[in-house]
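Here's the letter readout for the chains.
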Amino acid sequence: MTITNDIRYVGVNDHQIDLFEGQYKVPNGMAYNSYLIIDEKIAVMDTVDRNFTHEWLDNLEKELSGRKPDYLVVQHMEPDHSANIANFMKIYPDASVVSSDKAFKMMKNFFGTEFEDRRIVVGEGDTLSLGKHTLAFVAAPMVHWPEVIVTYDTTDKVLFSADGFGKFGALDANEEWAAEARRYYIGIVGKYGAQVQKLLAKAKTLDIETICPLHGPVLKENLGYYLGLYDLWSSYTTESDGIMIAYTSVYGNTKKAVEVLADKLKAKGCPDVAVFDLARCDMAEAVARAFSYGRIVLATTTYNSDIFPFMREFIEHLTERGFRNKTVAMIENGSWAPQAIKVMKGLLQTAKDISYTENNVKIMSALNEDSKKQIDALSDELCRDYIAQSGETANKNDLTALFRIGYGLYVVTSNDGTKDNGLIVNTVSQVTSSPNRIAVCINKQNYSHHVIKQTGKMNVCCLSVEAPFKVFEAFGFRSGRNVDKFENCTPLRSDNGLVFLPKYINSFMSLKVEQYVDLDTHGMFICSVTEARVLSDKETMTYTYYQNNVKPKPETEGKKGYVCKVCGYVYEGDELPDDFVCPLCKHGASDFEPIE
């Protein structure tokens, strides 16, 4: 396989393997990737599993066409990639091995030598010239071993990403990338989200055209898609809109309760209900999918004063991998002393940011009228936002939405006649209760001010504490005159025809402008409420919460200059020009402060 004019694929496919790392089912095999960079000097990028020594060496010899390699770059020391280091060094005695200091210490463990006389130790910021090509090394500790480095070819703009962006399945497997990449990531790398986030931050500074992982296909097109999924997975952000139910059942009664709940969830607007029988499904797939949903129902029986073994195993897999940022509901079954909910909550104590539903279900042996009512109440709670999002089932006069107004942060949406628009505001307040009047202040320089003054209507979406920073990037740092702020979002519409956000909000209000007050730099719109919906009980995002928990901390260590108080952009220099405008949030020099 030719990657670029100078880079060749020399890896192998493994269709003999049944369990990867002794636990993950791989019906379509595995790929062990290795690459060759041909220049004045020749570099080989990693080796392969020991069961494919001769196939790999044959691939290498064929592509070398009589030349000898100068370097073996070892990015990761797991044996499926490093097993043939010693064999390579015997066959090519003039070559040097290039790797991190920690990797050489591991080579001592595996091969009895650190190749002291033939090694080059590299770390963060080091480079290696091959002639036309220059390799830049980036440290990636604990992604997912401590010795890992990744390598960037500055000439062909190729990132050799070690285990990052890998997937289960041989290269000749015809299957969707995301499903097996998710199962691979959550199972193997999932615990190390913070470290992956750091590596992604470094990757953003590189001009990457191709990603060459150690497992799975070479990625050349739509790299934003793959980088975006890794950002979701490593930040433990909800990926799939819907609800997952994981259950075990001994005699079928818990299964029956799950079936009833699943039907009710679908009937109440849930777009995707994923049900997993933990005794029969692929456990790794169930674990991976649990990380992708924001809401999960755990249903099991009390078993030997504990819970059914498959449920215990499932929860332990979740907590081991850093399970967090979820809403969890529970169903327990027991004939005389049900305590599964107590046990499951105990197992989840180490999981961070877990919200439990107010309603759970207790079954005494089999479903009865009481437990069916509990299922109905649970389905109402889990589907509250779906019910409110639907124009047919929503309570459109739920004026408790007004109680969500505080000194918070909101997305105000409008439409200029050709496209939807939205912006972040922090000044929304209820000014009268009879009649209900809402005041919204908007800077006159914002395009939304112009649109709302012309159209006389808007929607105010109350952001919840679940809203990630990307919401503020999308609606706060760009002008709706120049960009489509909903290009990567499928919004929903209220009765006034305007959009409201499908997630990250706890309520919204449709407003009709009744009066306008000119406040010099800002305009105040005094509005009546034409529609109000409550979507969840999540707390409203306050400005303080945003500053402390959502807004990224600026990387100012070792830097001299000024930092933007709005978005954290760092301007390096002795003096900040008076007319300087932040390239990210477009705020002026007055919103910068000196780095201390």
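That block above? That's the structure.
Definitions and cut-offs
Residues numbered from 1 in each chain as written. Predicted model: local features only at pLDDT ≥ 70, side-chain atom pairs only at ≥ 80, totals over all residues. Heavy atoms only, no water. 1 Å grid on protein atoms, 1.4 Å probe; cavity = no way out; pocket = protein on both sides within 12 Å on 5 of 7 lines; lining within 4 Å. Points joined across faces, edges and corners; volume = space filled by probe spheres on them. Helix = DSSP H or I, 4+ residues; strand = E, 2+ residues; numbered from the N terminus. Nonpolar A, V, L, I, M, F, W, Y, C, P; charged D, E, K, R; others polar. Phe/Tyr/Trp six-rings, centres within 6.5 Å; stacked < 30°, edge-to-face > 60°. Buried < 20%, exposed > 50% of the residue type's maximum accessible area, 1.4 Å probe, protein only. Lys NZ or Arg CZ within 6 Å of the ring centre and 35° of its normal. Pairing = 2+ DSSP bridges. Axes fitted to C-alpha atoms, helices over the stretch in contact; angles between N-to-C directions. Core = buried A, V, L, I, M, F, W, Y, C linked by side-chain atoms within 4.5 Å. Contact = heavy atoms within 4.5 Å. Patch = residues over 30% accessible without salt bridge, like charges linked within 9 Å, V, L, I, M, F, W, Y side chains within 5 Å. Areas by Shrake-Rupley, 256 points an atom, 1.4 Å probe, with all protein chains shown as cover. Salt bridge = Lys/Arg side-chain N within 4 Å of Asp/Glu carboxyl O. Polar contact = N/O pair within 3.5 Å; in protein donor to acceptor, adjacent residues only side chain to side chain. Disulfide = S-S within 2.5 Å.

K.L.:
Looking at this model, I keep getting lost on empty space enclosed by the protein. Mind explaining?
P.N.:
Rolled over the atoms, a probe with the dimensions of a water molecule shows which regions are left empty. Inspection of every chain in the model, using the stated rule, returns 3 cavities of 30 Å³ or more. Roughly 110 Å³ of volume is contained in the largest cavity. Around the largest cavity sit 13 residues that line it, and Leu159, Ser161, Phe165, Leu199 and Ala203 are the ones nearest its centre. Element by element, the count of residues in the lining of the largest cavity is highest for helix α6 (residues 193-203), at 4 residues. Counted by class, the lining of the largest cavity contains 11 nonpolar, 2 polar and no charged residues. Elements represented by at least two residues in the lining of the second largest cavity include exactly α7 (223-234) and α9 (283-292). A breakdown of the residues in the lining of the second largest cavity according to their chemical character gives 5 nonpolar, 2 polar and 1 charged.

K.L.:
Help me understand the packing of aromatic side chains, please; the structure alone is not making it clear to me.
P.N.:
The geometry of an aromatic ring pair is captured by the separation of the ring centres together with the interplanar angle, meaning the angle of the planes. For the structure on display, the rule yields 29 aromatic pairs. An angle of 40° between the planes, with centres 6.5 Å apart, marks the rings of Phe20 and Tyr184 as tilted. One end of the pair, Phe20, is in strand β3 (residues 19-20); the other, Tyr184, is in helix α5 (residues 177-189), with 164 residues separating them in the sequence. Judged by its relative accessible area of 4%, Phe20 falls in the buried class. Joined through ring pairs, the aromatic side chains of Phe165, Trp177, Tyr185, Tyr225, Tyr226, Tyr230 and Trp233 make up one cluster. When the ring centre of Tyr236 is taken as reference, the NZ or CZ atom of Arg324 above it lies at 4.2 Å.

K.L.:
Explain the sheet that holds strand β33 (residues 570-572) to me, please; I cannot follow it from the model alone.
P.N.:
The strands making up a sheet associate through backbone hydrogen bonding, with each pair oriented either parallel or antiparallel. Here 3 strands make up an open sheet; going across it, the order is β33-β32-β34 and the pairing antiparallel. The strands lining the two open edges of the sheet, one partner per strand, are β33 and β34 (592-594). Averaged over all pairs of adjacent strands, the angle between strand axes in this sheet comes to 25°, irrespective of strand direction.

K.L.:
So what exactly am I meant to see when it comes to the pairing of strand β31 (residues 522-534) here?
P.N.:
Each regular strand carries side chains that alternate between the two faces of the sheet. The pairing of strand β26 (residues 436-443) with β31 spans 7 bridges and is antiparallel. Across the sheet, the residue bridging to Cys441 is Met524, located in β31. With 12 bridges connecting them, strand β30 (residues 505-519) and β31 associate as antiparallel partners. Bridged to Val513 within β31 is Cys527.

K.L.:
In this structure, what is going on with the nonpolar core? I would like to understand it.
P.N.:
A general tendency of soluble globular proteins is for nonpolar side chains to be buried together. Leu298 and Phe314 are the most contacted members of the largest nonpolar core, which totals 94 residues. With 8 residues, the single largest contributor to this core is α5. Setting aside residues up to four positions removed in sequence, Leu298 forms contacts with Ala246, Met311, Phe314, Ile315, Val328, Ala329, Met330, Ile331, Met344 and Leu348. Phe486, Val550, Leu576 and Phe580 belong to the second largest nonpolar core, which has 32 residues in total.

K.L.:
What exactly am I supposed to notice about the sheet that holds strand β27 (residues 457-463) here?
P.N.:
Pairing within the open sheet is antiparallel, and its 7 strands lie in the order β24-β23-β27-β30-β31-β26-β25. In this open sheet, the two strands that pair with only one neighbour each are β24 (420-425) and β25 (428-433). Looking at each pair of strands side by side, their axes are set apart by 35° on average, direction ignored.

K.L.:
How should a nonpolar patch on the surface be read in this particular structure?
P.N.:
A surface patch of nonpolar side chains, amounting to about 360 Å² of accessible area, comprises Val250, Tyr251 and Tyr303. Mapped onto the elements of the fold, Val250 is located in the loop between β16 (240-247) and α8 (253-267).

K.L.:
Please explain the environment of Arg280 as it appears in this structure.
P.N.:
Tracing the chain through its elements places Arg280 in the loop between β17 (273-277) and α9. Taking the relative accessible area as the measure of exposure, Arg280 reaches 67% and is therefore exposed. In sequence terms Arg280 and Val73 are 207 residues apart; their C-alpha atoms lie 42 Å from each other. Of note is the side chain of Arg280, whose polar atom sits 2.8 Å from the side chain of Asp277.

K.L.:
For this particular structure, what's the right way to read unusual backbone geometry?
P.N.:
Apart from glycine, the bulk of residues carry a negative phi angle, and the bulk of peptide bonds sit in the trans form. Cis geometry is found at the peptide bond from Val143 to His144, where omega equals 0°. With respect to the helices and strands, the residue His144 is situated in the loop between β12 (134-139) and β13 (149-153). The omega torsion across Ser434 and Pro435 is 0°, close enough to zero to call that bond cis. Note that Pro435 resides in the loop between β25 and β26. One non-glycine residue, Asn325, adopts positive backbone phi at about 60°. Considering the arrangement of structural elements, one finds Asn325 in strand β20 (residues 324-333). When its relative accessible area of 34% is taken as the criterion, Asn325 is described as partly exposed.

K.L.:
Please clarify how the side chain of Asn496 should be interpreted in this entry.
P.N.:
Inspection of the secondary structure assignment puts Asn496 in the loop between β28 (492-493) and β29 (499-500). Within polar-contact distance, the side chain of Asn496 engages the backbone nitrogen of Leu498 at 2.9 Å. Ignoring sequence-local partners within four residues, the contact set of Asn496 consists of Lys457, Met458, Asn459 and Ser510.

K.L.:
Hey, could you run me through the pairing of β25 in this one?
P.N.:
With 5 bridges joining them, β25 and β26 adopt antiparallel strand pairing. Following the sheet pairing, Thr432 is matched in β26 by Arg437. Following β25, the chain reverses through 2 residues before pairing antiparallel with β26.

K.L.:
How do you make sense of the environment of Tyr247 when you look at a structure like this?
P.N.:
The topology assignment puts Tyr247 in strand β16. Between the C-alpha atoms of Tyr247 and Arg404, which are 157 residues apart in sequence, the distance is 35 Å. Every residue in contact with Tyr247, bar those within four places of it in the chain, is listed here: Lys255, Val258, Val275, Phe276, Asp277, Leu278, Ala299 and Met311.

K.L.:
Got a minute to help me understand the state of the cysteines in this structure?
P.N.:
What makes a disulfide is a covalent bond joining the sulfur atoms belonging to two cysteines. Evaluated as defined, the whole model comprises 0 disulfides. Residue Cys281 stays outside any disulfide, its sulfur separated by 18 Å from that of Cys270, the closest cysteine. Using a relative accessible area of 21% as the deciding quantity, one classes Cys281 as partly exposed. Here Cys461 stays free of any disulfide, with the sulfur of Cys462 as its closest cysteine sulfur at 7.8 Å.

Everything listed here is a matter of geometry and, on its own, says nothing about what the molecule does.
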